[in-house]
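Residue-level structure breakdown
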Amino acid sequence: MTCLSPAPARLDADLLDDFANPERQSAYPRESRAYVRVDISIRAYWHALFDQVPELLELSGPDGRAIFLPFMEWARAKGVTFNWAFYLWVYGWLMQSGFRDRLGRDLLLRMMSAAAGRWIGVDRDTDRCALVIGSPMLEGAVVVGWKLKSLQTTVIPVERLDLEEPLSSPAGHFGCFYAPSFDLDYFPGWKSIPL
């Protein structure tokens, strides 16, 4: 019986730099396992972005590359991780890109809502009932992601609230804070969005 020679061992951790740098994909032969792993990882974030905010495809073209690839390169250089704030970082990048003059309030709200929805899906801290996201571009309004109060609830609520007494604006494009209850009577001050 003849044994096949072992394939070179590559861990996903070995591919992280290339995962965050789409142009490095060309360093791998298309039939290699490493290429497939990197490509699948990148596609997951492509879908996370454009499936949640398909309006971005109207800006970039149907393949999304004009936004996705430069953003990924920028995110790698800045050290941005793709937690719930992923959409806010993309919007921040758009504001300094050639797309800046084509951005509007509707797209801003979609991106903030996508971020709040992602937070609801991933945050497991039981001391946090809501995530509040603010932006000077919303002129006193905020976007709030509420965790479920009951397992019988089937709707994951994300809403824009126009506050009776608007909060001060966060220092950057976006700020956030977490509410410890389902009443929004708590303002600890804005925190920076996480990298």
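Thresholds, definitions, all that
Residues numbered from 1 in each chain as written. Predicted model: local features only at pLDDT ≥ 70, side-chain atom pairs only at ≥ 80, totals over all residues. Heavy atoms only, no water. Helix = DSSP H or I, 4+ residues; strand = E, 2+ residues; numbered from the N terminus. Buried < 20%, exposed > 50% of the residue type's maximum accessible area, 1.4 Å probe, protein only. Contact = heavy atoms within 4.5 Å. Areas by Shrake-Rupley, 256 points an atom, 1.4 Å probe, with all protein chains shown as cover. Polar contact = N/O pair within 3.5 Å; in protein donor to acceptor, adjacent residues only side chain to side chain. pLDDT = per-residue confidence, 0-100. Pairing = 2+ DSSP bridges. Axes fitted to C-alpha atoms, helices over the stretch in contact; angles between N-to-C directions. Parallel < 35°, antiparallel > 145°, perpendicular 65-115°, else oblique. Expected span 1.5 Å × (residues − 1).

1. Notes on the overall build of the chain
Counting its regular elements, the chain contains 6 helices and 4 strands. Element order for the chain, N to C, with α for helix and β for strand: α-α-α-α-α-α-β-β-β-β. For the chain, with 195 residues in total, the buried portion stands at 42%. In the chain, the share of contacts with a sequence separation of at least 24, taken over all contacts with a separation of at least 6, comes to 53%. Total accessible area on the chain is roughly 11500 Å²; 52% of this is exposed by carbon and sulfur atoms.

2. Some remarks on the side chain of Lys-147
Its location among the elements puts Lys-147 in the loop between strand S2 (141–146) and strand S3 (158–162). At a separation of 3.2 Å, a polar atom in the side chain of Lys-147 contacts the main-chain carbonyl oxygen of Arg-128. Ignoring anything within four residues of it in the chain, the contact list for Lys-147 reads Trp-119, Asp-123, Arg-124, Asp-125, Arg-128, Cys-129 and Phe-182.

3. Considering the confidence of the model for the chain
Per-residue confidence for the chain averages 86 on the pLDDT scale, and 85% of its residues sit at or above 70. Across the chain, the secondary-structure element scoring lowest on mean pLDDT is helix H1 (residues 16–19), at 64, and the one scoring highest is helix H5 (residues 86–95), at 97. Contacts for the low-pLDDT stretch residues 1–6, under 50 throughout, to residues beyond four places or in other chains number 0 contacts.

4. Quick look at the sheet that holds S2
Taken in spatial order, the 4 strands make up an open sheet running S3-S2-S1-S4, and their pairing is antiparallel. The outermost strands of the open sheet, each flanked by one partner alone, are S3 and strand S4 (175–179). Within the sheet, the average angular offset between the axes of one strand and its neighbour, ignoring direction, is 25°. Note that strand S1 (residues 130–134) and S4 share 5 bridges and pair antiparallel. From the neighbouring strand, Ile-133 faces S4, where its bridge partner is Cys-176.

5. Overview of the packing of helix H4 (residues 65–78) against H5
Relative to each other, H4 and H5 sit at 100°, their axes nearing to 10 Å. On the basis of the axis angle, H4 is roughly perpendicular to H5. Here H4 contributes Ala-66, Ile-67, Pro-70, Phe-71 and Trp-74 to the contact with H5, which in turn contributes Phe-86, Trp-89, Val-90, Trp-93 and Leu-94.

6. Focus on helix H2 (residues 33–50)
Look at H2: 26 Å from first C-alpha to last across 18 residues, which is about the 26 Å you get at 1.5 Å a residue. Of the positions making up H2, those classed as buried are Ala-34, Tyr-35, Val-38, Asp-39, Ile-42, Ala-48, Leu-49 and Phe-50.

7. Quick look at the environment of Leu-109
Mapping Leu-109 onto the fold places it in helix H6 (residues 105–122). The spacing of Leu-109 and Met-137 is 28 residues in sequence and 9.9 Å in space, taken between C-alpha atoms. In this structure Leu-109 touches Leu-138, Val-143 and Arg-160, once residues within four positions along its chain are discounted.

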